[in-house]
Amino acid sequence: MSEHAAATGKIVGSVSRQGEPGRSPVPVAFAVVERLLPRLHAAIWTLGLVFIAIAIAASGALVLKHFTGVALPGCRAGSACDRLEQTIFGRILFPPGLAESLGFAKWPVSSLGFAFFVAIAAAWLTGLRWIAPGLKFVVRFGALFSLVYVGVIVAKQEWCRYCLFTHAANFGLLICMEVGLMLSKRSRPAVNTPRPAAIPSRRAGLASLIAFALAFFGATGVLGLKERGLAVAAAAELKASQEAILKASRDQAEKAAAQQAEKAVSGGDTYDFGPNGFTGRYRLGPEKAQVRIVIYGAYTCKYCKQMEQQALQIQAANPNTVSFCFKHFPMCWVCNKHTKEADTEPVHRNACWAARCAEACAIIAGANAEIEGKDRWTAANEAFWKAHHWLYDIDGQFDDKTLMDGLKAHGFDAEKVTAIMDKPAADKPVVSDIEEGHAIGLFQTPMIWINEVELKGWQVPGALQNSVNTLLGAKPALPALSAKDSGMKPPLAYVKAIEDWRSESQLVFMADTTARTVGGATAPVEVVIFGDFQEPNTAKADLIVRSWIYAPDKGGLAKDAASSKNVRYTFRHFPGDQSCNTKLPRMIFPQGCLASKSAETAGLMGGETAYWKMHDWLMKNQTGFGYDAAKRAAKSIGLETDAFVAKLADARVAEAIQNDINAAEAINVNQIPKIYIQGKWVRTWTREGDNVLERIADEAAKEAAKK
């Protein structure tokens, strides 16, 4: 054999198994795998981190909605995610003792999920691609938890996109972990692994376990404090409401004989509640009762249904002392002129027809009774409540067939009822309730009144029952009165707006590092608006407030000093633009950040005068705004455009805007605009034909003068 052949044979013989030619050299294969494994591990670890980030974002969006009330895309009132949150699968119920210690009885599962994924992220980042054995089972248990919840979603057909994204990301995380573990086990035979190499993995695994525990308990602690804060605020509102109801009920007893119809206040804005006062057409319980409950609602409103069931139970338990009436307020444009078609949620599309159905059933039954010589109202009342209960049972949803079948099953003349449903006779009482609700400032359902006083904080568990018990247990006992006897009527919308503002907690705002304020420094009334230059209502509110202030060089718009109000106004940025307001759940006004930057840049270049000139221009020119428009605006107020464009990127501009955004987040600003007078949120600031904002400012000035 030649020297070359001998050499070749020696090499092959040294790496082949039993001299078999063509088999892969084992050490070479291991070397290739060893070189690839670090990259595979890094890729899988990074992909797992991506899945964790998706889960945090999706569950975090639900947490944001819960705490701030911000309506997420596809997750508004009545949506799938909203309905799921209200089920036993959406909230963790604590035992009474624990609930009392925590300060709240229910905890959203989304908060638990968010805390879990934050903790997993901390462990994933800390473990240096190693995970403690205990955490492996935590991740697997989390995936099992997701599997159960996906089953619930499928079974209930409630397709919550945020829930599905969260659970899908959780499954992706599990796959990444299991694949990573499999590769780790097969990367090298255990006998070839030096013993000291295991030490870093143990330390990393322990670090990941500690990081998970710290992050989980830290996140749950913060979320728990926020939940307790919500519960405390709701309880305080409920307590104030109960005290107001009790006081009003005592006043009714003392002044029942002397009560007169509500006097017209300035502006002549009055409403005729009818000869029987503030009560419904139909009633369960006695006309004269110690406790009179009235609920405005709609058959398609699930919260209305929940409170309705509580009211029915209370009335049934106290048949001689509690009465209950229902008034219609469908959030549907078909019969409610105060609701736009575009704003009508799909779940409420049938609300008007359901309300008309109940009224039609009552009308037909009353007419038949009168023909037979029986009492019309008694028959109509019985028919209304029979239809009312059925319509709530089906959530106000029906088509032509199910409507006919349902009416017949409940003993109604289906042909007659459906024939009258689209006639004025059935529509008129519904519209009457709607207009009455609008007159007293209704903006959401349910709205609950006890003895002609609004029950605020009804969302607190047991609020309605506790309020009724307080009245029934009052010493001395309250007399049984009818709504007519009491003489009490709800305050109208413009009065309610002032009362709502007065009852709000006074907030302290985070310091404004670059205050944009116009008006007297010592003015007794302080107005703060968090808004967006691109948002129409922000411009409307801003115009109203600046029209009170005489300061032409600083943005005030009052015609002269004599006609102005002694008010100090501060505008603070809250752009509906995710490019600078990063915690927004969605993009609302894509040019919002540029508009805020334009105003602050003008202020940076030309001081307060230039800021307010740009502020005014932006409020008046909202449409078609962009960089070209911003440059035109700068030129129109006397700024050099090239310098203006360069200054837009100045760090001081971004800091001024971010300072306002941080201040807004600290007080849970969740709408644009959000207006505060004397640090109190103005819930209702505009009403057709009435400048509510000015009324509240005048009231604030009166209160300030008394101090």
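What you see is a predicted model, and the numbers here were worked out from it, not measured in a lab.

A short note on the packing of aromatic side chains
Part 1 of the reasoning: The full count for this structure, using the stated rule, is 21 aromatic pairs.
Part 2 of the reasoning: Between phenylalanine 278 and tryptophan 449 the ring centres are 5.6 Å apart and the planes differ by 70°, which places this aromatic pair in the edge-to-face class. Separated by 171 residues along the polypeptide, phenylalanine 278 in the loop between helix 8 (198-255) and strand 3 (283-284) and tryptophan 449 in strand 6 (residues 447-450) bring together distant segments of the chain.
Part 3 of the reasoning: Residue class for tryptophan 449 comes out buried when judged on its relative accessible area of 2%.
Part 4 of the reasoning: Note on tyrosine 299 and tyrosine 392: the rings are 5.1 Å apart at their centroids and 75° apart in plane angle, and the pair reads as edge-to-face. Of this pair, tyrosine 299 sits in the loop between strand 4 (291-297) and helix 9 (302-317) while tyrosine 392 sits in helix 11 (residues 376-393); the two residues are 93 residues apart in sequence, bridging distant segments of the chain. Just as tyrosine 299 is buried, tyrosine 392 falls in that class too.

Some details on the pattern of salt bridges
Part 1 of the reasoning: If you walk through the whole model with that rule in mind, you get 33 salt bridges.
Part 2 of the reasoning: Among the salt bridges present, the one from arginine 281 reaches glutamate 359, with a minimum N-O distance of 2.8 Å. Separated by 78 residues along the polypeptide, arginine 281 in the loop between helix 8 and strand 3 and glutamate 359 in helix 10 (residues 351-371) bring together distant segments of the chain.
Part 3 of the reasoning: A residue is classified by how much of its surface remains accessible, and glutamate 359, at 1% relative accessible area, is buried.
Part 4 of the reasoning: Its salt-bridge partner being lysine 583, residue glutamate 665 comes within 3.7 Å of it at the nearest N-O pair.

So, the confidence of the model for the chain
Part 1 of the reasoning: Overall, the predicted model of the chain reaches an average pLDDT of 84, with 85% of residues at or above 70.
Part 2 of the reasoning: Ignoring residues within four places in sequence, the model shows residues 187-199, a span with pLDDT below 50, making five contacts including any to other chains.

Details of the sheet that holds strand 8 (residues 517-519)
Part 1 of the reasoning: Taking strand neighbours across the sheet as the criterion, the five strands line up as 8-10-9-11-12 in an open arrangement whose pairing is mixed. The open sheet has two edge strands with one neighbour each: strand 8 and strand 12 (680-681).
Part 2 of the reasoning: In the sheet, strand 8 pairs with strand 10 (residues 567-573) via three bridges, with the strands oriented antiparallel. Following the sheet pairing, threonine 517 is matched in strand 10 by threonine 570.
Part 3 of the reasoning: In the packing of helix 19 (residues 592-620) onto the sheet, the strands contacted are strand 8 and strand 10, and the crossing angle to strand 10 comes to about 95°.
Part 4 of the reasoning: Here helix 22 (residues 651-666) sits on the sheet in contact with strand 9 (525-531) and strand 10, set at roughly 100° to strand 10.

Observations concerning the sheet that holds strand 4
Part 1 of the reasoning: Read from one edge to the other, the open sheet built from five strands follows the order 3-5-4-6-7, with strand pairing classed as mixed. Strands at the two margins of the open sheet, each flanked by one partner only, are strand 3 and strand 7 (453-454).
Part 2 of the reasoning: Sheet topology places strand 4 next to strand 6; four bridges connect them, and they run antiparallel. Among the inter-strand pairings, isoleucine 295 is bridged to a residue of strand 6, identified as isoleucine 448.

Reading guide: rules and limits
Residues numbered from 1 in each chain as written. Predicted model: local features only at pLDDT ≥ 70, side-chain atom pairs only at ≥ 80, totals over all residues. Heavy atoms only, no water. Phe/Tyr/Trp six-rings, centres within 6.5 Å; stacked < 30°, edge-to-face > 60°. Helix = DSSP H or I, 4+ residues; strand = E, 2+ residues; numbered from the N terminus. Buried < 20%, exposed > 50% of the residue type's maximum accessible area, 1.4 Å probe, protein only. Salt bridge = Lys/Arg side-chain N within 4 Å of Asp/Glu carboxyl O. pLDDT = per-residue confidence, 0-100. Contact = heavy atoms within 4.5 Å. Pairing = 2+ DSSP bridges. Axes fitted to C-alpha atoms, helices over the stretch in contact; angles between N-to-C directions.

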